[in-house]
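Residues per chain are reported as follows:
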Amino acid sequence: MAQEGKRYRILIGKPGLDGHDRGAKCIARALRDNGFEVVYTGIRRTAEEIAVAAIQEDVDAVGLSSLSGAHLQLFPEVIQSLKKHDAADIPVIGGGIIPEEDMPVLKEHGVKAVFTPGTSMDEIIATFRGLCE
Amino acid sequence: MRLLPLFGAFVNSRQTSDVGCRRSEDEAGDQKSDFRKYNIADPQLILTAQPVRQGYALGMRMDIEQIKRGIESKNSRALAKAISLVEDGAEEADQLLASLDASRIESSAVIGITGAPGAGKSTLTDKLVAVCRERGKRVGVIAIDPSSPISGGAIHGDRIRMMQHALDQDVVVRSMATRGRLGGLCAAAGAASRIMASAGCDPIIIETVGVGQSEMDIIRIADVTALVSAPGLGDDIQALKAGLLEVADLMVVNKADKPGAEMLAMELNEIARAKGRQVMMTVAAQGQGVSELLDAMLEIFETKRASGQRDQQRAECRNMEVVDWGLEMLRPYLYAQSLEQDQKTGGDPRIRAKEIVDRLFPASTW
């Protein structure tokens, strides 16, 4: 088992009032199974709370999950909070129930990638790995 | 029908875990070739030949000087980067550790919270933080979770219980994974606590992984260790077996409002009284008994400090940490050497290990 050297650290967060966290947990577990260290911050967090936790934990990327339709509001808020704390270099990925027409809007706001229920786990892992490297 | 995609994802994650297995074998191979790369023929050289992570710092937006200054000025990003440098074995780590504020490290109390999984360690830690904040103290928390032995990954969930402090700049929380180390701690826990102390945190609370009957590394590294138990986690024979009972400074019966708590407290009291230890009752979820617990722990800290016991304990802990780091640094070399040995002759692993160590440190040199 490799013990030395860098391990990629990811924060998985659920901003807003959406309490459906099975997807977030599923991603967290898959990342763990692929050698990532995952900090899960639980449901119903504010954008600011997620950003501050990401900084304190020195994560390489943040994954946000939302299934309730508030992604256009909340994902950019997290990015703004990271910027506010001088941590705009931490990449943010979004996932959940996200209509196709919203994807370009999110990307415009700086979300690096968007995943929906059809996305394969391999693709998700590869994207996280790519952002960390 | 709605369950189908979820199930699909689960199957996927199982498949990827197999990929994880293969990957770790590849890594082992890489490690070996790494050592070839360093061209270590002379065993004496290995003491300076750690796996180097050059350029890691270049990827960050902070250089080592910024990180050092940031720790001084309590910048949380710098603090987090500093811990990562040590955790990842980066080249700059030594320079950083050498620059820490010794007087702050000297004066800050390191508190250990350990106990069985589900005893309520995270919740108790969260409430201890709340009490510290009421008293105007800046607190550091190191929450340790196990790494997967297969993939090397980890899931940290302790923060979920501590999110009420998320926006408080004077609460520094860091999740760390054991990264292959046994004993309930990670190799960098000691260094992380010194970095936090240097950044003005006092006390520093270290929450171990959920431990069983023998993982007690925490008592070395913490000035005061509380062992948390709760009713319904096991029978009294489990408690008798547990070496932890003998070494903890204090025992806590958490979930004291649950049936069986009195009974558990009585049993623990019998062991505790013989050793001159206290048993305290808490209901962490409601914050009951937490302030008293913190008082008791800080009192033990002060008593140990006044008697010189704490200094003695810390000195011993440093020595053990030196040994741990030494072994950690030797590990890849030892592994590479064992691969080099003639596999066909077999030989018992103990004999093979002795052969390598004898070559490294010939009996004449010590």
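Residues numbered from 1 in each chain as written. Chains lettered and ligands numbered in written order. Predicted model: local features only at pLDDT ≥ 70, side-chain atom pairs only at ≥ 80, totals over all residues. Heavy atoms only, no water.

Draft legend 1. How the structure looks around the overall build of chain A. For chain A, the count of helices and strands is five helices and five strands. Starting at the N terminus and walking to the C terminus, you meet the elements of chain A as β-α-β-α-β-α-β-α-β-α. Its C-alpha radius of gyration of 14 Å places chain A within 12% of the 14 Å reference for a compact globule of 133 residues. Once the C-alpha set of chain A is aligned to its principal axes, its extents read approximately 40 × 35 × 25 Å. In chain A, buried positions account for 62% of the 133 residues. Counting only contacts in chain A whose residues sit at least 6 apart along the sequence, the fraction spanning at least 24 positions is 70%. A total of about 5,100 Å² of accessible surface is found on chain A, and carbon and sulfur atoms cover 51% of it. (Helix = DSSP H or I, 4+ residues; strand = E, 2+ residues; numbered from the N terminus. Rg over C-alpha atoms; globule rule 2.2 N^0.38 Å. Buried < 20%, exposed > 50% of the residue type's maximum accessible area, 1.4 Å probe, protein only. Contact = heavy atoms within 4.5 Å. Areas by Shrake-Rupley, 256 points an atom, 1.4 Å probe, with all protein chains shown as cover.)

Draft legend 2. The arrangement of the pairing of strand β2 (residues 37-40) of chain A in detail. Because side chains alternate across β2 of chain A, one face comprises the buried residues E37 and V39 of chain A, and the other comprises V38 and Y40 of chain A, equally buried. Of the pairings in the sheet, the one linking strand β1 (residues 9-13) of chain A to β2 of chain A comprises four bridges and is parallel in character. Among the inter-strand pairings, R9 of chain A is bridged to a residue of β2 of chain A, identified as E37 of chain A. In this region the chain leaves β1 of chain A, passes through helix α1 (residues 22-33) of chain A and returns to the parallel neighbour β2 of chain A; the handedness of that crossover is right-handed. Sheet topology note: the β2 of chain A/strand β3 (residues 154-156) of chain B ladder contains three bridges and is parallel. If you follow V39 of chain A over to β3 of chain B, its bridge partner there is H156 of chain B. (Pairing = 2+ DSSP bridges. Right-handed = clockwise from strand over helix to strand, strands pointing away.)

Draft legend 3. Geometry of the nonpolar core. Residues and elements named next belong to chain B. I71, L96, I142, I144, I195, M196 and I206 are the most contacted members of the largest nonpolar core, which has 39 residues in total. Those residues in contact with M196 that sit more than four places away from it in its chain are L79, I83, G140, V141, I142, V172, R174, C201 and I204. Counting residues in each nonpolar core, the second largest holds 30 residues, with L128, V139, V171 and V224 among its members. (Core = buried A, V, L, I, M, F, W, Y, C linked by side-chain atoms within 4.5 Å.)

Draft legend 4. Up close: unusual backbone geometry. Residue and element names in this part refer to chain B. The omega torsion across D202 and P203 is 10°, close enough to zero to call that bond cis. Position of P203 among the secondary structure elements: in the loop between α7 (189-198) and β5 (204-207). Within the chain, K74 stands out as a residue other than glycine whose phi angle is a positive 60°. With respect to the element layout, K74 can be found in the loop between α2 (64-72) and α3 (76-87). A positive phi angle, close to 55°, is found at K255, a residue other than glycine.

Draft legend 5. Here's a closer look at the sheet that holds strand β4 (residues 171-177) of chain B. Residue and element names in this part refer to chain B. Spatial ordering of the open sheet is given by β4-β2-β5-β1-β6-β7-β8, a layout of seven strands whose pairing is parallel. Looking at which strands have only one partner, the edges of the open sheet turn out to be β4 and β8 (278-281). Across the sheet, the axes of successive neighbouring strands diverge by a mean angle of 20°, strand direction being ignored. Bridge count for strand β1 (residues 110-115) against β5 is four bridges, and the pairing is parallel. Opposite V110, over in β5, you have I204 as the bridge partner. (Axes fitted to C-alpha atoms, helices over the stretch in contact; angles between N-to-C directions.)

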